[in-house]
Amino acid sequence: MAQSILDSIKPLLGIQASDTSFDTNLIVHINSVFMVLNQLGVGPDTVFSILDNTATWDDFLTDGDESYLALTKSYMMLKVQMLFDPPTSGIVSGSTERLITEMESRLVTQNETRPVV
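Residues numbered from 1 in each chain as written. Predicted model: local features only at pLDDT ≥ 70, side-chain atom pairs only at ≥ 80, totals over all residues. Heavy atoms only, no water.

Colleague: Help me understand the overall build of the chain, please; the structure alone is not making it clear to me.
Modeller: Helices and strands together make up the secondary structure of the chain, namely five helices and zero strands. Listed by position from the N terminus, the elements making up the chain come as α-α-α-α-α. For 117 residues, the compact-globule estimate of 2.2 N^0.38 gives 13 Å, and the chain sits close to it at 14 Å. If you line up the chain on its principal axes, its C-alpha atoms span 40 × 35 × 20 Å. The buried share among the 117 residues of the chain stands at 34%. Taking as baseline every contact in the chain between residues at least 6 positions apart, the subset at least 24 positions apart corresponds to 61%. For the chain, the computed accessible surface area is about 6800 Å², with 53% contributed by carbon and sulfur atoms. Where the 6 positive side-chain charges of the chain centre and where its 15 negative ones centre are 7 Å apart. (Helix = DSSP H or I, 4+ residues; strand = E, 2+ residues; numbered from the N terminus. Rg over C-alpha atoms; globule rule 2.2 N^0.38 Å. Buried < 20%, exposed > 50% of the residue type's maximum accessible area, 1.4 Å probe, protein only. Contact = heavy atoms within 4.5 Å. Areas by Shrake-Rupley, 256 points an atom, 1.4 Å probe, with all protein chains shown as cover. Lys, Arg positive; Asp, Glu negative; His and termini not counted. Charge placed at Lys NZ, Arg CZ, Asp CG, Glu CD.)

Colleague: Is there a simple way to explain the pattern of salt bridges in this structure?
Modeller: Two side chains that carry opposite charge are able to pair once their charged atoms sit near each other. For the structure on display, the rule yields three salt bridges. Among the salt bridges present, the one from Asp 7 reaches Lys 10, with a minimum N-O distance of 4.0 Å. Relative accessible area serves as the criterion here: at 22%, Asp 7 is assigned to the partly exposed category. Between Lys 10 and Asp 23 there is a salt bridge whose closest N-O contact spans 2.7 Å. (Salt bridge = Lys/Arg side-chain N within 4 Å of Asp/Glu carboxyl O.)

Colleague: I tried to follow the environment of Asp 58 on my own but got confused; where do I start?
Modeller: Position of Asp 58 relative to the elements: it lies in helix α3 (residues 57-60). For Asp 58, a relative accessible area of 44% corresponds to the partly exposed category. Distance from Asp 58 to Val 28, taken between C-alpha atoms, is 20 Å for residues 30 residues apart in sequence. Setting aside chain neighbours within four positions, we find Asp 58 in contact with Ala 2 and Glu 66.

This is how it looks when you write it as structure tokens:
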């Protein structure tokens, strides 16, 4: 079963999938992160975006390569969290930013080492 991108991010932010009150804000942030992922070389050649909860992670992974899907989901969640509801503690914020930077590095490395099909 294909998992909705929007609905999979909501619980990670403490929002129930059935709660649509934040969808517009979340969609804007998710699409911003998809642009960053595209610039990192992750995902399809063109910038992927969603309009609602019907877009799935399978839609994003058009080539079927799931080798970095778990890290991509974690990265998406952290980036959206920093945009949507950033931590008030400077320590937590700094730690999250360092983790995001590490994930970006790992995603780029994974993309560079994937075999060309």
